[in-house]
Amino acid sequence: EAQGKQIGAIPTERFTGTFDLVFSSTLVKVPFINGYMPTKEVITWDLDSKQMSLDIEILPFLPKVLVQGTNLQWDESKSKATYTIKNKEDKPPSEWVFFYADEEVLVGRSSVTGLNVLRRL
């Protein structure tokens, strides 16, 4: 389960949209990058279609990787998003708990990737 100290509820309009994933704590132990993303990763939270999509560009000449989440649910009172990764329905849902949001930045802890910082595009 994702855990994070929440500072008030994150409004839905600050959660939805498209963001550049700029930091992930899962990469902190990788030498030379200290958690900053050497790849271009763009995540979209779309409550209307109940979808999360993550486009990952590792290198410009390699094909992009697309991770799709289905059945996206948002609990504003808990600032919590849950979804199921497409083709991994046998796994527990992924969960994010967000604890900071402003007009440009969204910060939360994922049950899979740890602490993440996202910048609105």
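First, a word on scope: everything that follows refers to the structure included in this document. Just so it is clear, the structure is predicted and the values come from calculations on it, not from any experiment. (Residues numbered from 1 in each chain as written. Predicted model: local features only at pLDDT ≥ 70, side-chain atom pairs only at ≥ 80, totals over all residues. Heavy atoms only, no water.)

What follows concerns the pairing of strand β2 (residues 40-46). Consecutive side chains of a regular strand alternate in pointing toward one face of the sheet and then the other. Looking at chain direction, strand β1 (residues 17-24) and β2 are connected through 4 bridges and run antiparallel. The residue bridging D20 from the neighbouring strand is V42, located in β2. Connecting the antiparallel pair β2 and strand β3 (residues 51-57) is a turn made up of 4 residues, with K50 showing a positive phi of about 55°. (Pairing = 2+ DSSP bridges. Helix = DSSP H or I, 4+ residues; strand = E, 2+ residues; numbered from the N terminus.)

The sheet built from 8 strands closes into a barrel, its strands ordered β1-β2-β3-β4-β5-β6-β7-β8 with antiparallel pairing. Taken over all neighbouring pairs, the strand axes of this sheet differ in orientation by 35° on average, direction set aside. Taken together, the 5 bridges between β3 and strand β4 (residues 65-75) define a ladder with antiparallel strand orientation. Residue D55 lies in a different strand from β4, and its bridge partner there is L66. (Axes fitted to C-alpha atoms, helices over the stretch in contact; angles between N-to-C directions.)

So, about the side chain of N116. Within the fold, N116 resides in strand β8 (residues 114-120). Look at N116 and you get buried, because its relative accessible area is 0%. Within the structure, N116 has its side chain in polar contact with the side chain of T113 (distance 2.9 Å). Ignoring anything within four residues of it in the chain, the contact list for N116 reads L21, F23, S24, W96, L106, V107, G108 and S110. (Buried < 20%, exposed > 50% of the residue type's maximum accessible area, 1.4 Å probe, protein only. Polar contact = N/O pair within 3.5 Å; in protein donor to acceptor, adjacent residues only side chain to side chain. Contact = heavy atoms within 4.5 Å.)

We now examine the pattern of salt bridges. Counted by the stated rule, this structure contains 3 salt bridges. Residues R14 and E103 are paired through a salt bridge, measuring 2.9 Å at the closest nitrogen-oxygen approach. Of this pair, R14 sits in helix α1 (residues 12-15) while E103 is found in the loop between β6 (94-101) and β7 (105-110), placing the two residues 89 residues apart along the sequence. Between R119 and D20 there is a salt bridge whose closest N-O contact spans 3.3 Å. With a gap of 99 residues between them, R119 in strand β8 and D20 in strand β1 connect regions that are remote in the sequence. By relative accessible area, which is 37% here, R119 ends up partly exposed. (Salt bridge = Lys/Arg side-chain N within 4 Å of Asp/Glu carboxyl O.)

Interpretation note: all reported values are geometric properties and have no functional meaning in isolation.
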